[in-house]
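# Structural description and commentary
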Amino acid sequence: MEDFIDKLPQMDLMRSEKMTLVQLIIPVESSHRCITYLGELGLLQFRDLNADKSPFQRTFANQVKRCGEMSRKLRFFKDQIDKAGLRCSPRHELEPDFELGHLERQLADHEHEVLEMNSNSEKLRQTYNELLEFKIVLQNASGFLVSSNAHAIGDETELHESTYSNNGFIESSSLLEQEMRPEPLNQSGLRFISGIINKDKLLRFERMLFRATRGNMLFNQTPSDEEIMDPLTSEMVEKIVFVVFFSGEQARTKILKICEAFGANCYPVPEDTTKQRQLTREVLSRLSDLEATLDAGTRHRNNALSSVGYSLTKWITMVRREKAVYDTLNMLNFDVTKKCLVGEGWCPTFAKTQIHEVLQRATFDSNSQVGVIFHVMQAVESPPTYFRTNKLTNAFQEIIDAYGVARYQEANPAVYSVVTYPFLFAVMFGDWGHGLCLLLGALYLLARERKLSTQKLGSFMEMLFGGRYVIFLMALFSIYCGLIYNEFFSVPFHIFGSSAYKCRDTTCSDAYTVGLIKYRDPYPFGVDPSWRGSRTELPYLNSLKMKMSILLGISQMNLGLILSFFNARFFGSSLDIKYQFIPQMIFLNSLFGYLSLLIIIKWCTGSQADLYHVMIYMFLSPTEELGENELFWGQRPLQIVLLLMAFIAVPWMLFPKPFALRKIHMERFQGRTYGVLVTSEVDLDVEEPDSARAHGHQEEDFNFSEIFVHQLIHSIEFVLGSVSNTASYLRLWALSLAHSELSTVFYEKVLLLAWGYENILIRLIGVAVFAFATAFILLMMETLSAFLHALRLHWVEFMGKFFHGDGYKFKPFSFALISDDDE
Amino acid sequence: MYGFEALTFNIHGGYLEAIVRGHRAGLLTTADYNNLCQCENLDDIKMHLSATKYGSYLQNEPSPLHTTTIVEKCTLKLVDDYKHMLCQATEPMSTFLEYIRYGHMIDNVVLIVTGTLHERDVQELIEKCHPLGMFDSIATLAVAQNMRELYRLVLVDTPLAPYFSECLTSEDLDDMNIEIMRNTLYKAYLEDFYKFCQKLGGATSEIMSDLLAFEADRRAVNITINSIGTELTREDRKKLYSNFGLLYPYGHEELAICEDIDQVRGVMEKYPPYQAIFSKMSYGESQMLDKAFYEEEVRRLCLAFEQQILRSLILTMVVTNWVLQFHYAVFFAYMRLREQEIRNLMWISECVAQNQKSRIHDSVVYMF
């Protein structure tokens, strides 16, 4: 037996990779290159040896800061490029990897350039905006003025155009001040201020004006036709042109102050129409000038930005890598001489040679005199868990990891889940029509795998895509189960020959009341199609599915128990085998294993025995005669034996283990009283900078009552659990039943009913409702619910038997893994 | 209402309370401050803060940092938190949250009015205003010449309007007037807030009246100390004290006639909660008073989170476990604690920037 187990072939996924704690002593001159190469390899997880230091006290804090600064600049460029609406495809040319310092200088230059251009164009933009606003005010305000001037004596607000035109356009930004100049008094005492204001501020502005002047003013407004770009947010805002008529010098200062407070720009408008026209012309010509300048500026800036954009992605990844390298370097310790860096980390045992090669290459490439010292250390703490997965097994491993990361080298349920998971799903979702739909979906995802894997998907699609192989397998299995159940959207098909049953007469009227007659050999595969809708359909299918669920459940739970045996064997704890595995096996199989045996015998012999009765009276009166429920000879004594075994198994799994543990502990403790002194001296001699040692020696506090209570809970859980878990597997039956009934309802009560009408419209509606219900309720909701139930069966009923799941994942330092997580 | 808040509070307040307690967990701890105090320059501070909740606010700042940038960004974070909570809040919590910012509004009004008096640029002044106390027409404040105009033009639209009823004069604004106006407004504000909290009832009123009473008493002491040696009459001084708090009414009588700091001290030491504050200081000293008050405030604010009701002991014994949550004071406490934290950060960054690291501990108030 032992030999047989030892000779079993190795399964890669069964146990996590063997890990080794290694120490690296890297000379300072080659450290950066070493870490970079290790990052490319991605098979070493560094331990933080400076956990007590804050980030800026670490050795390479400066470099990390520089990288942070560079990535800030890169984000700035990215932002600018996005704002400018440029799309630069990265140019794939192999530039030599430049140094950090070089890149830093280059980035600073670029940033300076872009910032300068931005500020220039901002100034221009501001001038442009003011001119544009002036133009709008001129165009719109003149309307009010003409009407109001009909009776006023014109030509009061004189504009000093000579100063205005001499100013040149840069200085015209001081337009605001222009109308601060004293204006000659209107004869009627009526004067005006014209300007432009944001639309959302208009109401408050008007109210404020009214209050400030105590209503002694006239407010005219008109919306401008053009929208003006807000230079800060570069959004288009709607503005309103206004003209306020008022009288008096005090009111004037007040109004100006209010304008200023509301950010309303005031522009002087001459009342004389000829002057107006002249001014408009002037403004227009300057506007067109400015527009050309602005355009040129934007083109120039876009050129500069796109030249940055070509290598932006490359730079971003480069800076990100550099930052990761320095972050990792910060985890290393300086040794006493300050010439070497000391690092510790976990690596899979198989990767040792690879790491060794990489380190040698790094030493060689950096022309270092001294090589990197790489050696294995003794580990006290438990190593991380690392499974090498492929595209198919990855999703299943994820499902298991969602429950808990396996303890180091513990049996991995993901191996079995690859088959059992889709299978249990399919038992609940057995319909080959729906299965085909799922399969099409999965095949679509698989066919476009290469394209989709590079894209960024939404969270929902991401989930679907991540589980594409799970869906694919689920679809295949549900086609298989669907063929067994003979379900295709609840329509029976004669695929494997014709039915074994026929009606009693030609009208077939009593098929659903009395039943059918069997006239030939049984249907070769799956459920006979003629049973659909017949009197015996539900009783037969229910009994079949219920029994099948129990059989599947018992076998899966047994598998779990057997895995716990392999775990115990692997970790060398014979206690667990003797006092946990064996009594558990006996308990489960003497009761529910026996039930499974009865089910199989009943199926084979076609007996009429009532299994409920057998099982219940096995407990209530085990010595009584079975009568017509006897399935085989010697059933009664066997039942008594099994019952006794089950009763013995309970104390067996409860009491011996805690006492045995206590005995072992006492022995160890007695031996140790002499050992402690010796080891402490040895510890002093061995100079090993092993930080693990510091927090390694956990003093095993042996608390008997705690262990006993734990064992008690565990045993009770198992005993009660074996009943409830078996019952829990009946969900396979329940969901399968629900699925087939639902699809029957949709098929018969929607599709067939609608098809019964001659009206094309009703038929169309019927088809639409059927398609909708099939897609959303059966294909989405039912898939989800079956998926979740399968998940529960695995997590609780199966993995609860053996899986500890208290490990931690192997997170190697790898460039491939540091993609977007810091964005 | 005692104990029954637990039944209904979470319908409207549960989500926000969870949020605010989450925010509280993001406040800097003593360990953080210790690390910050060891920083060599502002970039180090930025680096340390990048690991905290402020990280995303500071990460896009170009490298030669200034203290103002740090403070500005940290305040932005506070404002964002506040706005988020305000958006989610329903009555009466939204009113409660609004009340929290009125204090800043008063400060901003005073800042702008004083600034215009000294002929500063309005835009410049507005940049200095606390963003929590901003309201729409704040810039228009500069137009007003006297209080009546101030009220009629601008403030009548703001929630501060009712508080103005006591200080409407047509006198021209000057420094003294403005300071009196500030304190009158504050008095009215605190009393109104106090009344509002009383109306809310339950644990909120219990804790908030404790916190607000402390605030009122602190202001009373500050007013007294600041008005010593000015032309403010005793009657006027007494008018500025809020009409509630531990000192009301007898303490106010005594404070009103104080002529120097030692007399103030004599008055305050009669009140056990304040005895500890004053006993820390040597005679004649008033510099450390601010810090002592801040420390006491922080202690009380933290209690609002941990929540032990000091007064109604019998009631709390019955329902302690239930009133551990379910009150609004946590929001007030969180805002105040964040503000204190920003003050701390400002002090630390100033000390670091000016190479005065020995003075860092003078003004930092540790929280947890």
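You'll find chain B entered in an unreviewed UniProt entry as V-type proton ATPase subunit, with Microthlaspi erraticum given as the organism. Chain B has a UniProt comment under Subcellular location (unreviewed entry) that states "Vacuole membrane".

Named according to an unreviewed UniProt entry, chain A is V-type proton ATPase subunit a originating from Microthlaspi erraticum. Annotation of chain A in UniProt includes, under Sequence similarities (unreviewed entry), the sentence "Belongs to the V-ATPase 116 kDa subunit family."

A few words now on the pattern of salt bridges. Tallying each qualifying case throughout the model produces 43 salt bridges over all chains. Close ionic contact of R286 of chain A with E282 of chain A constitutes a salt bridge, the shortest N to O distance being 3.7 Å. With R286 of chain A and E282 of chain A both in helix α10 (residues 273-310), this residue pair falls four residues apart, about one helical turn. For R286 of chain A, a relative accessible area of 11% puts it in the buried group. Across the pair R636 of chain A and E625 of chain A runs a salt bridge whose closest N-O atoms are separated by 3.5 Å. Of this pair, R636 of chain A sits in helix α22 (residues 635-654) while E625 of chain A is found in the loop between α21 (611-620) and α22, placing the two residues 11 residues apart along the sequence. The exposed category is assigned to E625 of chain A, whose relative accessible area is 56%. Put simply, D210, E296, R299 and R300 of chain B are held in one network by salt bridges that share partners.

Time to look at the packing of helix α11 (residues 202-227) of chain B against helix α14 (residues 261-268) of chain B. Residues and elements named next belong to chain B. Interaxial distance between α11 and α14 falls to 10 Å at its minimum, and their mutual angle equals 160 degrees. By the criterion of interaxial angle, the relationship of α11 to α14 is roughly antiparallel. Where α11 crosses over α14, the two elements pack in a sense that is right-handed. Facing V221, T224 and I225 of α11, the residues of α14 in contact are I261, V264 and M268. Residue composition of the contact of α11 with α14, by class: five nonpolar, one polar and no charged.

Next up on the list: the packing of aromatic side chains. Within this structure, the stated rule accounts for 51 aromatic pairs over all chains. Relative to F488 of chain A, the ring of W432 of chain A has its centre 4.4 Å away and its plane inclined at 45 degrees; by these criteria the two rings are tilted. With W432 of chain A in helix α15 (residues 432-447) and F488 of chain A in the loop between α18 (468-485) and β12 (501-502), this residue pair connects regions lying 56 residues apart in the sequence. By relative accessible area, which is 14% here, W432 of chain A ends up buried. Site record: aromatic cluster; members linked through ring pairs are F9, F96, Y99, Y102, Y163, Y186, Y189, F193, F196, Y328, F331 and F332 of chain B. Seen from the ring of Y186 of chain B, R219 of chain B lies directly overhead, with NZ or CZ sitting 3.6 Å from the centre.

Our next topic: the interface of chain A and chain B. The interface of chain A with chain B comprises 22 residues on the first partner and 28 residues on the second. Between chain A and chain B, roughly 2100 Å² of surface is buried when both sides are summed, and carbon and sulfur atoms account for 54% of that area. Its largest share of buried area at the contact with chain B, chain A owes to F56, K65 and R211 of chain A, together 29% of the area lost on that side. Between chain A and chain B we count one salt bridge in total. In this structure, the salt-bridge partner of K65 of chain A is D44 of chain B, at a minimum N-O distance of 2.5 Å. For the interface between chain A and chain B, the tally reads three residue pairs in polar contact (both at pLDDT 80 or more). Secondary-structure elements contributing two or more residues to the side of chain A that touches chain B are α3 (61-84), α8 (202-212) and α9 (249-261) of chain A. Among the elements that make up the side of chain A that touches chain B, the one with the highest residue count is α3 of chain A (six residues).

Criteria and cut-off values
One numbering rule holds for all chains: residues counted from 1, following each sequence as written. Key to labels: chains lettered from A, ligands numbered from 1, both in the order written. A pLDDT threshold of at least 70 governs which residues receive local features in this predicted model, and a stricter bar of 80 or more applies before side-chain atom pairs are shown or counted, although totals over entire chains, interfaces and linings include all residues. Computation of side-chain values covers all heavy atoms of the structure but excludes hydrogens and water. UniProt positions are given in the numbering used here, feature names are shortened, and annotations may be inferred rather than shown by experiment. Within this document, salt bridges are pairs made up of a side-chain nitrogen of Lys or Arg and a carboxyl oxygen of Asp or Glu, the two lying within 4 Å of each other. The way it works is that DSSP assigns letters per residue, a run of H or I at least four long becomes a helix, a run of E at least two long becomes a strand, and they are numbered from the N terminus. Note on classification: 1.4 Å probe, protein chains only; a residue is buried when its accessible area is under 20% of the maximum for its type, exposed when over 50%, partly exposed between these limits. Think of each axis as a best-fit line through the C-alpha atoms, taken over the contacting stretch in the case of a helix, with angles from 0 to 180 degrees between the N-to-C directions. Comment on the angle field: the value is read as roughly parallel under 35 degrees, roughly antiparallel over 145, roughly perpendicular from 65 to 115, and oblique elsewhere. Crossings are sorted by hand: turned counterclockwise from the far helix by less than a right angle, the near helix makes the crossing left-handed, and turned clockwise it makes it right-handed. Pairs of residues are marked as contacts when any of their non-hydrogen atoms sit within 4.5 Å. When residues are grouped by polarity, Ala, Val, Leu, Ile, Met, Phe, Trp, Tyr, Cys and Pro land in nonpolar, Asp, Glu, Lys and Arg in charged, and all others, Gly among them, in polar. Only centres within 6.5 Å qualify two rings of Phe, Tyr or Trp (six-membered ring in Trp) as a pair; their planes then separate them into stacked at under 30 degrees, edge-to-face at over 60, and tilted for everything else. As a reminder, the over-ring test applies to NZ of lysine and CZ of arginine, requiring each to be within 6 Å of the ring centre and within 35 degrees of the ring normal. What counts as buried area is the accessible surface, traced by a 1.4 Å probe, that two parts surrender upon association, with contributions from both included. Two N or O atoms count as a polar contact when they lie within 3.5 Å, although within protein this holds only if one can serve as hydrogen donor and the other as acceptor, and sequence-adjacent residues are included solely when both atoms are side-chain atoms.

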